[in-house]
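What the coordinates show
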Amino acid sequence: MYNVDFLQYALAKGVGEAAIKKALNFLKLNKNASWKDIITDKSILKLKDDIYTNIYKTENEAKILAEQLYNNNIYMILENDLMYPERLKNTLGNNTPPVIFVQGNLALLNKNSIGFCGSRKVSDKGKQIAYECAKELVNNDITVVSGYASGTDLTAHMSALSNNGNTIFVIPEGILKKRIKGEVKNYLNNTNHVFISQFMPNLTWNAMNAMRRNKVIIGLSIAMILIESRRDGGTFEAGKETLKLGHKLFVVDFFHPPETAEANKFFISQGGIPIKKNRDGHPSMKSVFNSINNDMSLLNKTISEPEFDFTY
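Everything numeric here is computed off the predicted structure, so don't read it as measured data.

1. Considerations on the layout of surface pockets
If you add up the space inside the largest pocket, you get close to 500 Å³. If you list the elements that add at least two residues to the lining of the largest pocket, you get β3 (113-117), α11 (207-219) and α12 (234-244). Here the lining of the largest pocket gets seven residues from one element, more than from any other, and that element is α11. The residue makeup of the lining of the largest pocket, split by class, is 11 nonpolar, nine polar and seven charged. Empty space within the second largest pocket amounts to approximately 240 Å³. What lines the second largest pocket is simply K21, L24, N25, K28, E79, N80, K89, G93 and N94.

Right, dumping it as C-alpha cells:
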C-alpha cells in the first residue's frame, strides 16, 4: 500500500504521468520485476541520466511521504492494482490517472454514483435544485460525486450527507493539502464519504489541475448532472467532456436562465437531457432514473412523480 520505491520514482523531477504509465506497463508485462528494479536498472526504461539522478535524490522524501500517508490512513492505489476503480478505467481509457490517493470509505468508489458540476456562484434556485437532486439520489442508494468547491459542489455533498447518503469528494490538489470544510464537517462519519486525488499528496491547488480533476468526477460517475454553467470555465469544460466521453449529461432546464446558467440551453441542444420541474416545483428526476435504469437495475424503490414536467 505504501510502496516507497514507487514514491521515490514518482516524486523525481522529470517523472510525470507518462513515465509512470510506462513503468506500470513494464511491470504488467514482467510479473517478476519490481519498482526497485525500475529505479535502479537504467536499462529497463532508458530514461535520461538526470532523471535517474533525481530519483536517487528523492529517497528520503519518499520515506517521509510514505509515513505521512500511513499516519493519515491514506491509501495509494496504482492503475494496475485490483482496488483501482474499474469504472474510472473503463471511462477514461488511456487518460486514466496512473495513481490515486484515497482517504475514507474505499468501497464507495465502486458504488453506483452520479456526478454534479456547476457554478461556484450558483443562484439560489440552482442551489435548491442541486440539494433536491442529490437528496433524491441518495434516497435511492446512489452515491453523489463532485468537486470540493463552494456553491454547487458543497451543496450536493451537504445534501447527500445530511440525508443519510454517501458522497465522494474529488479534490484538485494533493490529498495531504485538503482541509475539512465547515459546511460538511459535522456530517462526516467513518463510512459516508471518501476523498480522492489523482495528484501527488503535497501538491498545491492550481487552475489546470482543477480542470484535469473534472475527468475523474466524470469517470467515477454513471452520469452527470449539470446545475448551472456559464459559457466558459470549469463547469463548461466538464459539460463538454461529459458529452465527448459519451456519458449521459442531465442539464437543469431554466425558462429564464440566470447569468450563471447561460450555457445550459447550449448543452441541451448538444444532447444534454433536460431536468425540468414537476407540478410541485421540485426537480423531476424521472428522466435521470429512467435513463440510467435502462442500463442497470439501480433503484430500490419505484419513483412516483406527477406526469407533467415544466421548465424552471
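Alright, that's what it looks like, and here's the rest.
2. Thoughts on the side chain of R213
Inspection of the secondary structure puts R213 in helix α11. One buried charged side chain, R213, makes no salt bridge at all; its nearest oppositely charged neighbour is D153, positioned 5.1 Å away. Looking at R213, its side chain comes within polar contact range of the side chain of N214, at 3.5 Å. Every residue in contact with R213, bar those within four places of it in the chain, is listed here: G147, Y148, V170, I171, P172, Q198 and F199.

3. Some points on the nonpolar core
General note: in soluble globular proteins, nonpolar side chains tend to be found buried as a group. Ranked by size, the top nonpolar core spans 39 residues in total, and within it F6, L7, Y9, W35, I38, L45 and F101 carry the most contacts. Considering each element in turn, this core owes the most residues, five residues, to helix α2 (residues 17-29). Sequence-distant contacts of L45, that is, excluding residues within four places in its chain, are made with Y9, K22, A23, F26, I38 and Y52. Core analysis: the second largest hydrophobic core is formed by 27 residues, I77, C117, I168 and L226 among them.

4. Section: the packing of aromatic side chains
On inspection of all chains with the given rule, the structure shows eight aromatic pairs. Taken together, a centroid distance of 4.5 Å and an interplanar angle of 15 degrees make the contact between F169 and F195 stacked. Residue F169 is found in strand β5 (residues 167-170), and its partner F195 is found in strand β6 (residues 193-197); the two are separated by 26 residues along the sequence. Judged on exposure class, the residue F169 and its partner F195 are both buried. Judged by centre distance (5.2 Å) and plane angle (70 degrees), the ring pair of F266 and F267 falls under edge-to-face. Judged by its relative accessible area of 26%, F266 is partly exposed. Taken together, the ring pairs connect F6, Y9 and W35 into an aromatic cluster. The ring of Y148 has K181 lying over it, and the distance from NZ or CZ to the ring centre is 4.4 Å.

5. A few points about the packing of helix α1 (residues 4-11) against α2
Angle between the axes and distance between the axes are the two parameters that describe a pair of packed helices. At a minimum axis distance of 10 Å, the contact between α1 and α2 shows a crossing angle of 145 degrees. Within the contact between the two elements, α1 uses F6, Y9 and A10 and α2 uses A19, I20 and A23. The class makeup of the residues in the contact of α1 with α2 is six nonpolar, no polar and no charged.

6. Observations regarding α2
Helix length check: α2 (13 residues) gives 18 Å between terminal C-alpha atoms against 18 Å at 1.5 Å per residue, within 8%. Along α2, the residues that are buried comprise A19, I20, K21, A23, L24 and L27. Those residues of α2 that are buried lie in contact with α1, α3 (35-40), α4 (42-45) and β1 (75-78).

7. Considerations on the packing of α1 against helix α6 (residues 59-71)
Between α1 and α6, whose axes approach to 8 Å, the crossing angle comes to 120 degrees. The orientation of α1 with respect to α6, classified from their angle, is oblique. Crossing hand, α1 versus α6: right-handed. The segment α1 lies against α6, with V4, L7, Q8 and L11 engaging E59, E61, A62, K63, L65, A66 and L69. Considering only residue class, the contact of α1 with α6 consists of seven nonpolar, one polar and three charged.

Calculation rules
- Residues numbered from 1 in each chain as written.
- Predicted model: local features only at pLDDT ≥ 70, side-chain atom pairs only at ≥ 80, totals over all residues.
- Heavy atoms only, no water.
- 1 Å grid on protein atoms, 1.4 Å probe; cavity = no way out; pocket = protein on both sides within 12 Å on 5 of 7 lines; lining within 4 Å.
- Points joined across faces, edges and corners; volume = space filled by probe spheres on them.
- Helix = DSSP H or I, 4+ residues; strand = E, 2+ residues; numbered from the N terminus.
- Nonpolar A, V, L, I, M, F, W, Y, C, P; charged D, E, K, R; others polar.
- Buried < 20%, exposed > 50% of the residue type's maximum accessible area, 1.4 Å probe, protein only.
- Lys, Arg positive; Asp, Glu negative; His and termini not counted.
- Salt bridge = Lys/Arg side-chain N within 4 Å of Asp/Glu carboxyl O.
- Polar contact = N/O pair within 3.5 Å; in protein donor to acceptor, adjacent residues only side chain to side chain.
- Contact = heavy atoms within 4.5 Å.
- Core = buried A, V, L, I, M, F, W, Y, C linked by side-chain atoms within 4.5 Å.
- Phe/Tyr/Trp six-rings, centres within 6.5 Å; stacked < 30°, edge-to-face > 60°.
- Lys NZ or Arg CZ within 6 Å of the ring centre and 35° of its normal.
- Axes fitted to C-alpha atoms, helices over the stretch in contact; angles between N-to-C directions.
- Expected span 1.5 Å × (residues − 1).
- Parallel < 35°, antiparallel > 145°, perpendicular 65-115°, else oblique.
- Left-handed = near helix turned anticlockwise from the far one by under 90°.

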